[in-house]
Amino acid sequence: MTNSIWQFQTDQSLVENHGLKLDEFTKIVEGLGREPNLTELGIFSAMWNEHCSYKSSKFWLKKLPTTGERVVQGPGENAGVIDIDDGDVAVFKMESHNHPSFIEPYQGAATGVGGILRDVFTMGARPVANLNALRFGDPGHPKTKHLLSGVVGGIGGYGNCIGIPTVGGEVNFHSSYNGNILVNAMTVGIAKKDKIFYSAAAGIGNPVVYVGSKTGRDGIHGATMASAEFDEDSEDKKPTVQVGDPFTEKLLLEACLELMKEEAIIAIQDMGAAGLTSSSIEMASKGNVGIEIDLSKVPMRAKNMSAYELMLSESQERMLMVLDPTKEEMARKIFKKWDLEFEVIGKVTDTKKLVLTMDNKEEASIPINILVEDAPEYQREYVVNEPSPLVELDHDELDDNNILEDLLKMISHPNLCSRKWIWEQYDHMVMADTIVRPGSDAAVVRVHDTNKGIAISTDCSPTYCKHNSFEGGKHAVVETWRNIIASGALPIAITDCMNFGNPEKPEIMGQFVECIRGMGEACSKLNYPVVSGNVSFYNETNGEGIYPTPAIGGVGLIKDLSNTMTISLKKEGSYICVIGNSNNHLGNSQYLSIVKNKEIGSTPSIDLEEELKNGKFVLNCIEQNKFEAVHDIADGGLLIALAEMSIYGKKGVNLDINKSSLTEYLFGEDQSRYLVEISKDSFEELLLEAEKDKVFFEKIGFTQADQFEIKNIGKIKVEELIQAHESWFKKFTN
Amino acid sequence: MKSHVIVFPGSNCDRDIAVSIKNISGNAPEMVWHKETTINTSDLIVVPGGFSYGDYLRCGAIASTSPIMKDVVKKANDGVPVIGICNGFQILIESSLLDGALMRNESLSFICKDIFIKSKNNSSIFTKNTNIARMPIAHNEGNYFVSSDQLKKIQDNEQIAFQYCDQNGNVDNPSNPNGSLKNIAGVLNKQKNVLGMMPHPERAAEKILGCDDGKSIFESFIN
């Protein structure tokens, strides 16, 4: 015993290895009125780690707007639920699987997909779309290639096999992720509003049923691992990574949905992080009841598993349910048909305790409220860094004559080039409802057997967040909103996946607090609430934290799919117009980063009034069929957006722009802007309407056959742009 | 038209094909669970795409031993039209209804994208309507191979149903997505009533999905 203040029988290092602090352990002892046994210690460790308890983030997350007229279920359940008319709901969530994916990229990413899929179908929804948000280190870092290939392989391997299309996502490379990649997976499902399933256990004496795969020794302490920083020995943590089996998940999905058609399930919860522990406690806590489990009845893959191992295993593809006892046999038949385990392992009790027995011996007895309500909650100290200041650029350094050369350099850069190499490894068309495939602003998926669709987009600009966490937080929310608008959909709600460094450091906590504040402001103003989410802290290696990365997944509704919009230029001889004000903001831009190799300046700020006004105008025009193509202006500015429209439409453009600093105008990253292609005849009318709505609207050129041309600067072939855009990933991964 | 779609554990294009058949023929197919042993009188049996048994062991190998497959083979031999798409193609090969083998893609990675195919001959009910058609592929193991003896045999018997080509119908190397021998995308049995193909016509059977070229394959034997 090294520390003299340690007054307990339990070995101090044992407690520390469970990721618990002295005061937390003291709290356990006080709550129980005794010291916990090993199994109980493991259970507390699993429930009280950052990943499961949200102890550092809870206080701040409560500040986010979570309600709205279309919100059916906000945060707190397995996934958020929004109303999409006609008795249909969309069920969605994004979740991180960062730590395991760094240790073992293929399985880490695969089980990330598997986990988020279960969160969605647990609620009675059939998953219809997968997306992701990925961050890797510098492409020059020795691990990046291996991690990229592994993660993409894992996401594809799982999603393709289970047969849910992976329709979109985003990928960034930055050296701040060299030691901590981010793998955030999102799933959207569709259900009927009156057929949503929740996790609150009910009905004293009702059977608690285990279904799915057998339990093995994999993933023990996965959630605890995910709540700690990495060091040189992080590779040794491989055994804590789970192994996925998408085939079994497919069977589990079909079996659950089949059973959900019957009135048999009272409560259902997937076994994700902290497996049997968190699922059983969650169900009991939500239902304000107790649960008794006979662990010897748990289907086991390995011999002689202990109570401790059974409770902490994170074996995949498992669910826990409370069933109507009269439906038990019918339910068993369904699971047997799908060749899955089905075992009654316990019952609902009125003790409000989690009681575990094994071979008739009591292994644990813990009041649920100590585990849940009394879980530690911290208001961690934080400091807010001054946002990086505006930097005056040396105008002599910005040579307009290099614009086309700069464009080629940017469009072929890892952070702006085509992601085709990735999405061609994902089945993005299975289920035959993918209306807009990857590569546009948002993916659009039809609601099966209807003429409506949902538009989905994931986004975040970590450099914006690093240099101004408040504006960066706002931006991440707004960017998805804008993507959804540009697809012709009404943005409804978001899920957030908050990836940050160590929250015990005031500076990191400050980033978190400011991102939340920015997100909250944007969500409120845009009537775009948060309905689900996840927090991943401790993304640090050897004391170096990642850039703050609040990845956002937004969902919108297209009531009539004929209004679906894409970014690709459609015709020759149309006009190209800019919507929204340009103020030549080059601070923190892709231009500075890629062309000038500088990360300087201020994050562009967003005027939310302006954002709302421009967005409404764009959506209105799309619904009135006035645009041929729409693309929001984002990373890289106007010229990158236009080049993408040109590349996807295989059409050229001819720009005639009368501005003093063309480089700043074309690569500046001012917010709240869109590029649109319109037919010549509608220009005058649109100009008037824009004026009426006080929306800035300006013509900058027209479309043509195959040359990408800027007056007084020069031209290049669209084919050359395509080549530049599509070559990097293939070369890098070869 | 009475049609049947076989459902294996891990099938995931069963619903997609059922929707296409219903849209085109007006009649929804009957879904047949793989543990059944007989299929009712049928005008068309579909072995759909997906990952039957998770592609474990070898794609299609475990599914080919499912109870229902005995009756599929019997009906195929009796002349009932049978079509296997993607994993269905792999299952028909594993069931010895079709010649050849489907190896891993030359790139060693999963490929999901639109390709063009053209029908090599119009001697079968499946291929008589299709000239050049665009539709998606989505597979890991679609690299078709046959021994040179067998190749000669299937060529002589006009059993090559489709070949990968470019949008103008040129069968060349750049238009071959997976390394298939002779750009072969689909093959027929000797009697021409069994078709296996890697591309997914059911995912290209509606304009709103970007392309409806896939319809021609269904229409050729439905109408």
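The subject of this paragraph is the overall build of chain B. A tally of helices and strands in chain B yields 5 helices and 11 strands. Radius of gyration (C-alpha) of chain B: 16 Å, near the 17 Å computed for a compact globule of 223 residues. Counting the 223 residues in chain B, one finds 60% classified as buried. Nonlocal contacts in chain B, meaning residues at least 24 apart in sequence, comprise 76% of its contacts between residues at least 6 apart. Put simply, chain B shows about 8,600 Å² of open surface, and 46% of that area lies on carbon and sulfur atoms. Once the 22 positive and 23 negative side-chain charges of chain B are each reduced to a mean point, those two points are 2 Å apart.

Before going further, it helps to spend a moment on the side chain of Arg419 of chain A. Inspection of the secondary structure assignment puts Arg419 of chain A in the loop between helix 15 (403–411) and helix 16 (420–423). When sequence neighbours within four positions are dropped, the list of residues in contact with Arg419 of chain A reads Val171, Pro414 and Phe729 of chain A.

Here the focus is the interface of chain A and chain B. In this complex, chain A contributes 31 residues to the contact, which on the side of chain B involves 27 residues. Summed over both sides, the interface of chain A with chain B buries roughly 2,300 Å², with 58% coming from carbon and sulfur. Looking at the side of chain A facing chain B, the largest losses of area belong to Phe247, Glu424 and Met429 of chain A, adding up to 22% of the total buried there. Our count for the contact surface shared by chain A and chain B stands at 5 salt bridges. Linking Asp114 of chain B and Arg437 of chain A is a salt bridge whose minimum nitrogen-to-oxygen distance equals 3.0 Å. Put simply, the parts of the chain that give the side of chain A that touches chain B at least two residues each are helix 8 (144–162), helix 10 (246–260), helix 13 (328–337) and strand 14 (434–436) of chain A. Examining the composition of the side of chain A that touches chain B, we find that 4 residues originate from one element, helix 10 of chain A, more than from any other.

Below, the discussion takes up the packing of aromatic side chains. Aromatic ring pairs are defined here through the distance separating the ring centres and the angle between the ring planes. Residue and element names in this part refer to chain A. Scanning all chains against the criterion turns up 24 aromatic pairs over all chains. With centroids separated by 4.9 Å and ring planes inclined at 80 degrees, the aromatic side chains of Trp728 and Phe729 adopt a geometry described as edge-to-face. As far as burial versus exposure is concerned, Trp728 and Phe729 are alike and both buried. Three or more aromatic residues link up through ring pairs in this structure, and these residues are Phe136, Phe173, Trp421, Trp728, Phe729 and Phe732. Geometry around Phe470 places Arg517 over its ring, the cationic atom sitting 4.1 Å from the centre. Looking at Lys699, its charged tip hangs above the ring of Phe683, at a distance of 5.8 Å from the centre.

Take the side chain of Glu664 of chain A next. All names here are of chain A. Residue placement: Glu664 occurs in helix 23 (residues 662–667). Of the buried charged residues, Glu664 lacks a salt bridge, with Lys596 as the closest side chain of opposite charge at 11 Å. In terms of polar contacts, Glu664 uses its side chain to reach the side chain of Ser661, at 2.6 Å.

The next point concerns the nonpolar core. Residues and elements named next belong to chain A. Ranked by internal contacts, the top residues of the largest apolar core, which has 149 residues, are Met321 and Phe335. With 9 residues, helix 10 is the single largest residue contributor to this core. Excluding anything up to four places from it in sequence, Phe335 contacts Val211, Leu252, Ala255, Cys256, Leu259, Met321, Leu340, Glu341 and Phe342.

Moving on, we get to the pattern of salt bridges. Residues and elements named next belong to chain A. All told, the structure shown has 53 salt bridges over all chains when counted by the stated rule. Note that Glu610 and Lys613 form a salt bridge whose closest N and O atoms lie 3.4 Å from each other. Of this pair, Glu610 and Lys613 both sit in helix 21 (residues 608–623), 3 residues apart, roughly one helical turn. On the basis of relative accessible area, Lys613 is assigned to the partly exposed category, the value being 30%. Among the ionic pairs, Lys711 bridges to Asp656, the shortest N-O distance being 3.5 Å. With Lys711 in the loop between strand 27 (707–710) and strand 28 (714–717) and Asp656 in the loop between strand 24 (652–655) and helix 23, the pair connects residues that are 55 residues apart, well separated along the chain.

In this section: the sheet that holds strand 15 (residues 443–446) of chain A. Residues and elements named next belong to chain A. With mixed pairing, 6 strands are arranged side by side in an open sheet as 14-15-16-21-17-18. On the outer flanks of this sheet lie strand 14 and strand 18 (530–536), each paired with one strand and no other. Sheet twist, expressed as the average angle between the axes of neighbouring strands with direction ignored, equals 25 degrees. Two elements, strand 16 (residues 453–459) and strand 21 (residues 549–558), share 7 bridges in a ladder whose sense is antiparallel. Opposite Ala455, over in strand 21, you have Gly556 as the bridge partner. Against the sheet, helix 18 (residues 469–486) contacts strand 16, strand 17 (490–499) and strand 21, and its axis sits at roughly 145 degrees relative to strand 16.

Moving on: the confidence of the model for chain B. Confidence in the prediction of chain B, expressed as mean pLDDT, is 95, and 100% of residues score 70 or more. Model confidence for the complex: the whole-complex pTM is 0.96, and ipTM, which rates the interface, is 0.97.

Residues and elements named next belong to chain A. Pairing within the open sheet is mixed, and its 7 strands lie in the order 8-10-7-11-9-12-13. Each edge of the open sheet carries a strand with a single partner, namely strand 8 (265–270) and strand 13 (361–367). Averaged over neighbouring strand pairs, the angle between their axes works out to 25 degrees when direction is ignored. The pairing of strand 8 with strand 10 (residues 318–323) spans 5 bridges and is antiparallel. When the bridges of strand 10 are listed, Ala267 appears paired with Val322.

What counts and what doesn't
Residues numbered from 1 in each chain as written. Chains lettered and ligands numbered in written order. Predicted model: local features only at pLDDT ≥ 70, side-chain atom pairs only at ≥ 80, totals over all residues. Heavy atoms only, no water. Helix = DSSP H or I, 4+ residues; strand = E, 2+ residues; numbered from the N terminus. Rg over C-alpha atoms; globule rule 2.2 N^0.38 Å. Buried < 20%, exposed > 50% of the residue type's maximum accessible area, 1.4 Å probe, protein only. Contact = heavy atoms within 4.5 Å. Areas by Shrake-Rupley, 256 points an atom, 1.4 Å probe, with all protein chains shown as cover. Lys, Arg positive; Asp, Glu negative; His and termini not counted. Charge placed at Lys NZ, Arg CZ, Asp CG, Glu CD. Buried area = accessible area lost by both parts, 1.4 Å probe. Salt bridge = Lys/Arg side-chain N within 4 Å of Asp/Glu carboxyl O. Phe/Tyr/Trp six-rings, centres within 6.5 Å; stacked < 30°, edge-to-face > 60°. Lys NZ or Arg CZ within 6 Å of the ring centre and 35° of its normal. Polar contact = N/O pair within 3.5 Å; in protein donor to acceptor, adjacent residues only side chain to side chain. Core = buried A, V, L, I, M, F, W, Y, C linked by side-chain atoms within 4.5 Å. Pairing = 2+ DSSP bridges. Axes fitted to C-alpha atoms, helices over the stretch in contact; angles between N-to-C directions. pLDDT = per-residue confidence, 0-100.

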